[in-house]
Amino acid sequence: MFLYEKNFELQKKKAMKSLSEALEKGLVDEDIIPLLEKINSLPNYFTTSSCSGRITVMQMPEFGDKVNAEWLGKWHREVSLEEVLTAVKKHDSGMLWFMLHSPIIHVSAKTLEDAVELLNLAVNCGFKHSNIKSISHKKLVVEIRSTERMDVPLGANGDLWVGEEYIAKIVDLANAQLRRAKEKLKRFEREIKEKITSEYVC
């Protein structure tokens with residue numbers, strides 16, 4: 001038995017406590033909670049972090065400097081043009097970016113076989129960028145990630161490079177991609193219920 005298998009129950013207990021605290025504080029995306037509950041109800045898995053997908057407007061002091069970046073707007077849902085324009089107007093320095101990030105879930109599996117089974121299921125549900133992220137003495141982690149992503153520069157140092165018509169087009173595109181990504185989450189939840197949960201039912 002590998003060491004991460006021996007540590008599994010202890011690590012799951014700690015993770016479930018952290019998740020419970022995050023839920024109480026409203027720090028978990030509401031639309032991904034049913035999926036997290038389904039995964040965590042399985043004896044050989046537990047989630048460690050998650051995001052249901054998001055659209056953001058960010059200003060960054062220098063290209064790639066996410067540590068000192070400032071969120072001007074962040075939504076875990078489809079967004080209106082007016083909301084994005086309001087966020088864009090806050091820009092006063094650095095690079096201005098409009099971004100879409102796909103859902104991402106980190107899941108700890110008890111065994112390598114469990115990890116591979118979950119990974120294959122995720123890929124079949126459209127999460128094509130999923131992988132086994134790490135194997136350590138504490139955890140065996142599967143990263144579930146989709147392909148939807150946008151990183152669009154809009155301006156710099158208070159100067160907007162594009163017009164409202166262009167921003168409207170990328171907002172529509174981002175909303176369509178986010179909608180597709182969230183549909184994958186629902187499919188993944190159904191597949192876990194049908195294919196993995198059934199293995200633990202006598």
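None of these values were measured; they are calculated from a predicted model. Within each chain, residue numbers correspond to sequence positions counted from 1 in written order. Reporting in this predicted model follows two pLDDT cut-offs: at least 70 for local features of residues, and 80 or more for side-chain atom pairs to be given and counted; totals over whole chains, interfaces and linings ignore these cut-offs and use all residues. By convention in this description, side-chain values take in all heavy atoms of the structure and omit both hydrogens and water.

Trainee: Would you mind going over the overall build of the protein in detail, with residue names and values included?
Mentor: The secondary structure content of the protein amounts to 6 helices and 9 strands. If one aligns the C-alpha atoms of the protein with their principal axes, the spans along those axes are about 60 × 30 × 30 Å. Think of it in three bands: with a 1.4 Å probe and only protein chains considered, a residue is buried below 20% of the maximum accessible area for its type, exposed above 50%, and partly exposed in between. Relative to its 202 residues, the protein shows a buried fraction of 47%. In the protein, the proportion of contacts linking residues at least 24 apart, taken out of those at least 6 apart, comes to 72%. Numbering of helices and strands starts at the N terminus; helices are DSSP runs of H or I of at least 4 residues and strands are runs of E of at least 2. What makes two residues a contact is simply this: any of their non-hydrogen atoms within 4.5 Å.

Trainee: Tell me about the packing of aromatic side chains, residues and numbers included.
Mentor: Two aromatic rings from Phe, Tyr or Trp, using only the six-membered ring of Trp, form a pair when their centres are within 6.5 Å; if the ring planes differ by under 30 degrees the pair is stacked, by over 60 it is edge-to-face, and anything between is tilted. Within the structure shown, the criterion is met by 2 aromatic pairs. With centroids separated by 5.3 Å and ring planes inclined at 55°, the aromatic side chains of F8 and F46 adopt a geometry described as tilted. Here F8, found in helix 2 (residues 8-24), pairs with F46, found in strand 1 (residues 45-51); they are 38 residues apart in sequence, far enough to count as distant. F8 gets classed as buried once you look at its relative accessible area, which sits at 1%. Each ring, one from F127 and one from F188, has its centre 5.7 Å from the other, and the planes form 55°; the classification is tilted. Linking F127 in the loop between helix 5 (112-124) and strand 6 (131-135) with F188 in helix 6 (residues 164-196), this pair joins segments that are 61 residues apart in sequence. For F127, a relative accessible area of 1% gives the class buried. With a relative accessible area of 0%, F188 lands in the buried category. Placement of a positive charge over a ring is assigned whenever Lys NZ or Arg CZ falls within 6 Å of the ring centre and within 35 degrees of the normal to the ring plane. Directly above the aromatic system of W71 lies the positively charged group of K74, at a separation of 4.9 Å from the ring centroid.

Trainee: Describe in detail the nonpolar core, supporting the description with residues and values.
Mentor: What we call a nonpolar core is a set of buried Ala, Val, Leu, Ile, Met, Phe, Trp, Tyr and Cys residues that are connected through their side-chain atoms within 4.5 Å. Grouped together as the largest cluster of nonpolar side chains are 27 residues, with contacts concentrated most on L35, Y45, I105, L118, I144, F188 and I192. Looking at this core, the elements that each hand over two or more residues are helix 2, helix 3 (33-40), strand 5 (104-109), helix 5, strand 7 (140-145) and helix 6. With near-sequence residues (within four places) excluded, L118 lies in contact with Y45, V107, V142, I144, F188, I192 and I196. W75, V79, M150 and I167 belong to the second largest nonpolar core, which has 21 residues in total.

Trainee: Before we move on, can you summarise the side chain of K182 with the specific residues and values?
Mentor: Structurally, the position occupied by K182 is in helix 6. Assessed through its relative accessible area of 15%, K182 is described here as buried. Any pair of nitrogen or oxygen atoms within 3.5 Å is treated as a polar contact; in protein, a donor-acceptor pairing is required on top of that, and neighbouring residues in sequence qualify only through side-chain atoms on both sides. Polar contacts involving the side chain of K182 include one to the side chain of S52, which spans 2.9 Å.

These figures capture arrangement, not role.
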